[in-house]
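For reference, the chains in residue letters:
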Amino acid sequence: MNPTTQKLKNITQHSKNHCPLIQHWNTPEKPPTLTPNLPEKLHPTVKQKFNQLKLYKHQHEFITHALNGEDCFIITGTGGGKTISFIIPAIHTIQTQKKKALIIYPTKALAYGQLQTFKEQLKLNADILDGDNPNKKTCLQADIIITNPQALTVYLNYGILNQKTIEKIGIIIIDEFHSLKGIEAGNFALTLRNLLFKNNDQAQILLASATVGNPEELAKTYFPHRNFTIIKGNHGKTFEKDYLIFRYTENYDRYTTPPTQTIKQLPDWIKEWYTNLKPRISEIGPQKFAIPIISEITHHNANTIVFCKRKIDCENLLRQLREYSYNKYGTPPEYYSTYYSDFLKEERRTIEKKFKTGKIKCLISTSALEVGIDLTIDCVILLNSCDTVNS
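Residues numbered from 1 in each chain as written. Predicted model: local features only at pLDDT ≥ 70, side-chain atom pairs only at ≥ 80, totals over all residues. Heavy atoms only, no water.

## What to know about the packing of aromatic side chains
Put simply, the rule reads: Two rings from Phe, Tyr or Trp (for Trp, the six-membered ring) form a pair when their centres sit within 6.5 Å of each other. Planes less than 30 degrees apart are called stacked, planes more than 60 degrees apart edge-to-face, and all others tilted. Only protein chains enter the calculation, and the probe is 1.4 Å; a residue is then buried if its accessible area is under 20% of its type maximum, exposed if over 50%, and partly exposed in between. Lysine NZ or arginine CZ positioned within 6 Å of the ring centre and within 35 degrees of the ring normal marks a charge as sitting over the ring.
Per the counting criterion, the structure on display carries 7 aromatic pairs. Centre to centre, the rings of Y222 and F223 are 6.4 Å apart; their planes meet at 40°, and the pair counts as tilted. In this structure Y222 comes out as buried when scored by relative accessible area, which is 3%. Here a set of aromatic residues connected by ring pairs shows up, and it is made of F73, F177, F188, Y222, F223 and F228. Between the NZ or CZ atom of K311 and the centre of the ring of Y340, over which it lies, the distance is 5.5 Å.

This is the structure we're talking about:
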C-alpha cells in the first residue's frame, strides 16, 4: 500500500472521533471495462498503429460515433482515456481526408506534455502554435496543430493562422472544455465561431471534459447550430484514492486543546502540529497550518502538488517549506519548487522533467497545473477552498 495512503488512514484511525478538523473517505480501486476490438471503420494505418490497444467501453462508443462524422462530447474522469478517444478519430481524418487536426488545450503545460506524447510515442507529425514557438510557418505545415484559446484568438485575428490552413482543418478538438469561464469563455466562443465561418463550417468538432454536469447546455452555448452526441463513461481503471480534509475556521478556539488522551494516541507529527497551534488559527493562516503535513508527506518520498490561489502564497509557502523541512528532516531545498504558466518555456520543461524523474518531490503552483497535465501524483493538496470546477 502506498505509504501516503497508509499515513492518511492512520491519521483517521487516531483522530476522527476526537478531532472535528479532519474528514476522511476512501474510494476503492475499480478494474476497467474493456472491449476486445477496434471499430471496423478505422483506416488500416490507424488500426496497425493501435492494434495492441484495448479500448474502454466509452472510448469504443465515442470513436464509433466520431467515425460516423458526428460531433461528439465525451465526459469521463481522470484516467478515463479522453486523449486516446479523440486522437484516433483525428488520425483517421488525417489519413482518409488528407485534412489537418486542430487540438485546443487550456494550458501550455498540458499542450507541451501532449505534444511530447504525440511525437515520441505515437510518432505523429504535430507541432504547437503559441508564443513559445518561433517557427509559426513551420508549425502550420504539421498534420496536427496544437494551440490554446488565447493563442488561437491572436493568430486567427492577425492572420498568422491563414485561410489556406483553416480550409485544411477537418477536425477541431477541444480538451478540458469546461475550463474557461467569464469573459475568457465569451471571447473563446466568438473565436470558435469566427474559425468555423472561415472554415465554411466543414470541420467536425470533438469535445472532452472530466467535470461537466450539463454537457448539452455547454456545447450549445458555444455551438448553437450543432447537435452533439454525448458519451458519458466511467469504465476506465480507477485507482484507490484517499481524501483528507482539514477544516480551516475562524472560530477555532474550542479545537486547539484536545483531551490529553487524544494527544497520546496521535502520531508524533500530528502531536507537534497541535502543540504548535496558537489560540486562534486565523492568526497562523492555512499555509503554516499545512507545512508539517506537506513536509511529512514529502519526507516519505510521495510526489505532491500543492495548489495556492496566488503566486505570493506559492512563494511564501516555498520559503517556509524549505526551511522547515531542512531543519526537521534534512530535506534538500531543491525537492521543492514553484510552477507558473508565465515561467519561460525552458524553465517549465526543466521543472516538469525533474518532477517526473524524482529530483523535485513537491510542486507548488497556481492553476497552471490544474488541468490535465500528465504527471504521476501520490498526493494533491488544495490550500483554501476550491475556486473552480477543475479544483
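## Describing the sheet that holds strand β5 (residues 100-104)
The condition that has to hold: Here, a strand pair is defined by DSSP locating no fewer than two bridges between the strands. Secondary structure elements follow DSSP: runs of H or I no shorter than four residues count as helices, runs of E no shorter than two count as strands, and numbering proceeds from the N terminus. In this analysis, axes come from line fits to C-alpha atoms, helices being fitted only over the stretch in contact, and the angle between any two N-to-C directions falls in the range 0 to 180 degrees.
Across the sheet, which stays open at both edges, the 7 strands sit in the order β6-β7-β5-β8-β9-β4-β10 with parallel pairing between neighbours. The open sheet is flanked by β6 (126-128) and β10 (228-233), the only strands paired with a single partner. The sheet shows a mean angle of 15° between the axes of neighbouring strands, taken without regard to direction. Of the pairings in the sheet, the one linking β5 to strand β7 (residues 144-147) comprises 4 bridges and is parallel in character. Residue pairing across strands places I104 opposite T147, the latter belonging to β7.

## Comments concerning the sheet that holds strand β12 (residues 304-307)
Convention followed: Residue contacts follow a heavy-atom distance rule, with two residues in contact if any of their heavy atoms lie within 4.5 Å.
Taken together, 4 strands build an open sheet; the order of strands is β13-β14-β12-β15 and the sheet is parallel. Edge strands, defined here as strands with exactly one partner in the open sheet, are β13 (336-339) and β15 (379-382). Averaged over neighbouring strand pairs, the angle between their axes works out to 20° when direction is ignored. Packing of helix α15 (residues 345-357) onto the sheet brings it into contact with β12, β13 and β14 (362-365), and relative to β13 it is tilted by some 140°.

## Some points on the side chain of T191
Within the fold, T191 resides in helix α9 (residues 182-198). In contact with T191, other than residues within four places in its own chain, are L152, T153 and L156.

## Considerations on empty space enclosed by the protein
Space left empty within the atom packing is revealed by a probe, the size of a water molecule, rolled over the atoms. Our working definition: Here the term cavity refers to a set of points on a 1 Å grid, laid over the protein atoms alone, in which a 1.4 Å probe fits but cannot get out; the term pocket refers to an open set having protein on both sides within 12 Å along at least five of seven lines, with lining residues being those that place an atom within 4 Å of a point. Grid points are joined across faces, edges and corners, and a volume is the space filled by probe spheres set on the points.
Tallied over the entire structure, the rule returns 2 cavities of 30 Å³ or more. I104, Y105, P106, P149, I174, D175, E176, F177, S179, L180 and F188 are the residues that line the largest cavity.

## Details of the pattern of salt bridges
Opposite charge on two side chains permits pairing when their charged atoms draw close. What counts here: A side-chain nitrogen of Lys or Arg and a carboxyl oxygen of Asp or Glu constitute a salt bridge if their distance falls within 4 Å.
Inspection of the entire model under this criterion finds 7 salt bridges. Note that R226 and D201 form a salt bridge whose closest N and O atoms lie 2.7 Å from each other. Of this pair, R226 sits in the loop between α10 (215-222) and β10 while D201 sits in the loop between α9 and β9 (204-209), and the two are 25 residues apart along the sequence. A residue is classified by how much of its surface remains accessible, and D201, at 32% relative accessible area, is partly exposed. Of the charged contacts in the structure, one is a salt bridge between R310 and D313, with a shortest N-O distance of 3.0 Å. Overall, D313 belongs to the buried group, its relative accessible area being 12%. Via salt bridges that share partners, D71, D201 and R226 belong to a single interconnected network.

## Some words on helix α5 (residues 108-121)
Short version of the rule: By this rule, a helix spans an expected 1.5 Å times one less than how many residues it contains. Pairs of N or O atoms are called polar contacts if they sit within 3.5 Å, as long as, within protein, a hydrogen donor faces a hydrogen acceptor (for residues adjacent in sequence, only side-chain-to-side-chain pairs).
The end-to-end C-alpha distance of α5, which contains 14 residues, comes to 19 Å, matching closely the 20 Å that a straight helix rising 1.5 Å per residue would cover. Residues of α5 that are buried: A109, L110, A111, Y112, G113, Q114, L115, T117 and F118. Its side-chain oxygen 3.3 Å from the backbone nitrogen of L110, T107 forms the N-cap of α5. Positive backbone phi, approximately 55°, marks K123, located one or two places after α5.

## A few points about the packing of helix α3 (residues 57-67) against helix α4 (residues 82-97)
Applicable threshold: Convention used here: angles under 35 degrees read as roughly parallel, angles over 145 as roughly antiparallel, angles from 65 to 115 as roughly perpendicular, and any remaining angle as oblique. In this scheme the handedness of a crossing depends on how the near helix is turned from the far one: anticlockwise by less than a right angle means left-handed, clockwise means right-handed. Gly falls in the polar group here, along with every residue not listed as nonpolar (Ala, Val, Leu, Ile, Met, Phe, Trp, Tyr, Cys, Pro) or charged (Asp, Glu, Lys, Arg).
Look at α3 against α4: their axes get within 9 Å of each other, and the N-to-C directions meet at 30°. Classified by the angle between their axes, α3 and α4 sit roughly parallel to one another. Crossing of α3 against α4: the hand is right-handed. Here Q59, F62, I63, A66 and L67 of α3 come into contact with α4, specifically with I84, S85, F86, I88, P89 and H92. Its residues assigned to classes, the contact of α3 with α4 shows 8 nonpolar, 3 polar and no charged.

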